[in-house]
Every structure is written in structure tokens, then in C-alpha cells.
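Here's the letter readout for the chains.
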Amino acid sequence: MNHQIRIGFSTEVENEDEVRTLVEKCARNVLSRENVDFPAEIDITVVDADTIREMNAEYRSKDSVTDVLSFPMYEFYNGEPREELDEEPDTGCVMLGDMILCYTRACEQAKEFGHSAARECGYLTTHSMLHLLGYDHERNDEDTRLMRSKEEEYMNAIGLTRDA
């Protein structure tokens, strides 16, 4: 499938090419495993702590640094669209939404959890992609279990296990 994943950096990241490759691989992995059978478009921006804190305050009324934000363009419920999906005339793709990843916070969390920054960035990308497809760990216990099991399955499938 011809998915378009645009990844931009608004902050300096030492290993930018590696992060770009990893994030794209994880996003494509979710789209593939979720059987997204239409050309999808996702915009991903890697930002610093101040930027994501401002966005978190503006959009979620939480004035704190977070790790990732997801902004879906369409309403999905656990992978199923709840409305008609329209292709963008310029690209022929359905814009699923935007993901904002705070690399600084991801690296801090990796240290806290005792695994690599790559594993944390991969997890956050997988997590955010599932949010764009309507999975929600805050909806109820059953949906939390479903989302967590998919995160684990999808991460294991590309070799980003818990101890990576």
C-alpha cells in the first residue's frame, strides 16, 4: 500500500536519520498489521519539551511535558472508521492525522524504564498510531487491554521487545 508518512524535526536530534527510519518503520508496521487497505497519510513531528508542553496545555488543558500527542482527522473505533473517509485531492491518500513526538521525554522515559531510546520511540509511535485508528486506553478496561496487547504484539513483531 502506498502510505505517505512525513516526518519532520523541529528540534535537533543527534541521530535524526535513525529516529526517522525507526518512526517510519513503526508507523508502517501498525498500518500493515491493522490491515489499513487504503492509502493513508500521517504527519509526524519530533519536537522539544517546551513545544509539546505548550501543545498539551492548549489542546488538552494539561500544562505539562508529555511524550506523544495524537490528533486524528477521522473518528475510528478500535480500527474501524465511524465516518466516510475522504482522499486528499493532492495525494490520493486519506489523512489519518498528526503525531507529535517529544524526543527529549522519550529518552528520559527510556532511562526510567531501563530500555533503549529506540524502544521507547518505537513504542510511542505504535501507541500514537493506534490512537489515530481509534484505540483508546482511557475509554474502559476492555479497550485498555486490547490496546496494550496490540502495542506489545506489534512491537515484538519488529524486534522491539520490552528489554530492547
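It should be emphasised that the depicted structure is a prediction, and the values quoted were computed from it without experimental measurement.

Side note on the overall build of the protein chain
A tally of helices and strands in the protein chain yields 5 helices and 6 strands. The helix and strand sequence of the protein chain, counted from the amino end, reads β-α-β-α-β-β-β-β-α-α-α. For a compact globule of 164 residues, the expected C-alpha radius of gyration is about 15 Å, and the protein chain comes in at 15 Å, within 12% of that figure. For the protein chain, with 164 residues in total, the buried portion stands at 46%. A separation threshold of at least 6 residues defines the contact pool for the protein chain, and within that pool the share at least 24 residues apart is 68%. Total accessible area computed for the protein chain in this model is approximately 8600 Å², and 42% of it derives from carbon and sulfur atoms.

Description of the packing of aromatic side chains
With the rule as written, the count across this model stands at 1 aromatic pair. Here Y59 and F71 contribute two aromatic rings whose centre-to-centre distance is 5.1 Å and whose plane-to-plane angle is 70 degrees, an arrangement assigned as edge-to-face. Residue Y59 is located in helix α2 (residues 49-60), and its partner F71 is located in strand β3 (residues 68-72); the two are separated by 12 residues in the primary sequence.

Thoughts on helix α3 (residues 103-113)
Regarding α3, the residues found buried are Y103, R105, A106, Q109 and A110. Take α3 and look down its axis: the buried residues cluster within an arc of 155 degrees, on one side only. Those residues of α3 that are exposed and aimed more than 90 degrees away from the buried face are K111 and E112. Where α3 is buried, its residues contact α1 (16-33), β2 (40-47), β6 (94-102) and α4 (117-132). Downstream of α3 by one or two residues, G114 has phi in the positive range, about 75 degrees.

What about unusual backbone geometry?
Look at S61: it is not a glycine, yet its phi comes out positive at around 55 degrees. Along the polypeptide, S61 turns up in the loop between α2 and β3. Positive phi, close to 45 degrees, is recorded for N78, a residue that is not glycine. Here N78 lies in the loop between β4 (76-77) and β5 (80-81). The buried category is assigned to N78, whose relative accessible area is 16%.

Description of the nonpolar core
The biggest cluster of nonpolar side chains holds 39 residues, and the ones touching the most others in it are L31, I42, I44, L96 and L101. Those elements that place two or more of their residues in this core are β1 (4-9), α1, β2, β6, α3, α4 and α5 (141-157). In terms of residue count, α1 provides more of this core than any other element does, 7 residues in total. One finds I52, L69, I100 and C102 within the second-largest nonpolar core, a separate group that totals 6 residues.

With respect to the pattern of salt bridges
Enumeration over the complete set of coordinates arrives at 10 salt bridges. Between D43 and R6 there is a salt bridge; the shortest N-O distance is 2.8 Å. Of the two residues, D43 sits in strand β2 while R6 sits in strand β1, which places them 37 residues apart along the sequence. Between R20 and E16 there is a salt bridge, with the nearest N and O atoms lying 2.9 Å from each other. Of the two residues, R20 and E16 are both situated in helix α1; the distance of 4 residues between them amounts to about one turn of the helix. The exposure class assigned to R20 is partly exposed, which follows from its relative accessible area of 27%.

The rules we used
Throughout this document, residue positions are counted from 1 along each chain, in the order its sequence is written. Where totals are concerned, whole chains, interfaces and linings use all residues; where local detail is concerned, this predicted model gives features only for residues with pLDDT of at least 70, and gives and counts side-chain atom pairs only at 80 or more. With hydrogens and water set aside, each side-chain value is computed from the structure's full complement of heavy atoms. The secondary structure listing takes helices from DSSP runs of H or I that are at least 4 residues long and strands from runs of E that are at least 2 residues long, numbered from the N terminus. Note that the radius of gyration is over C-alpha atoms, with the globule rule given as 2.2 Å times the number of residues to the power 0.38. A simple rule labels every residue: compare its accessible area, found with a 1.4 Å probe on the protein chains alone, to the largest value its type can have, and call it buried under 20%, exposed over 50%, or partly exposed in between. In this description, contact between two residues means that some pair of their heavy atoms is separated by no more than 4.5 Å. Accessible surface is estimated by sampling points in the Shrake-Rupley manner with a 1.4 Å probe; for residues, cover comes only from the protein chains shown. For Phe, Tyr and Trp, where Trp contributes only its six-membered ring, two rings pair if their centres lie within 6.5 Å, and the inter-plane angle classes them as stacked under 30 degrees, edge-to-face over 60, or tilted in between. Working note: the arc is built from the helix axis to C-beta atom directions. By nonpolar core is meant a set of buried Ala, Val, Leu, Ile, Met, Phe, Trp, Tyr and Cys residues that side-chain atoms within 4.5 Å join together. Here, a salt bridge means any Lys or Arg side-chain nitrogen found within 4 Å of an Asp or Glu carboxyl oxygen.

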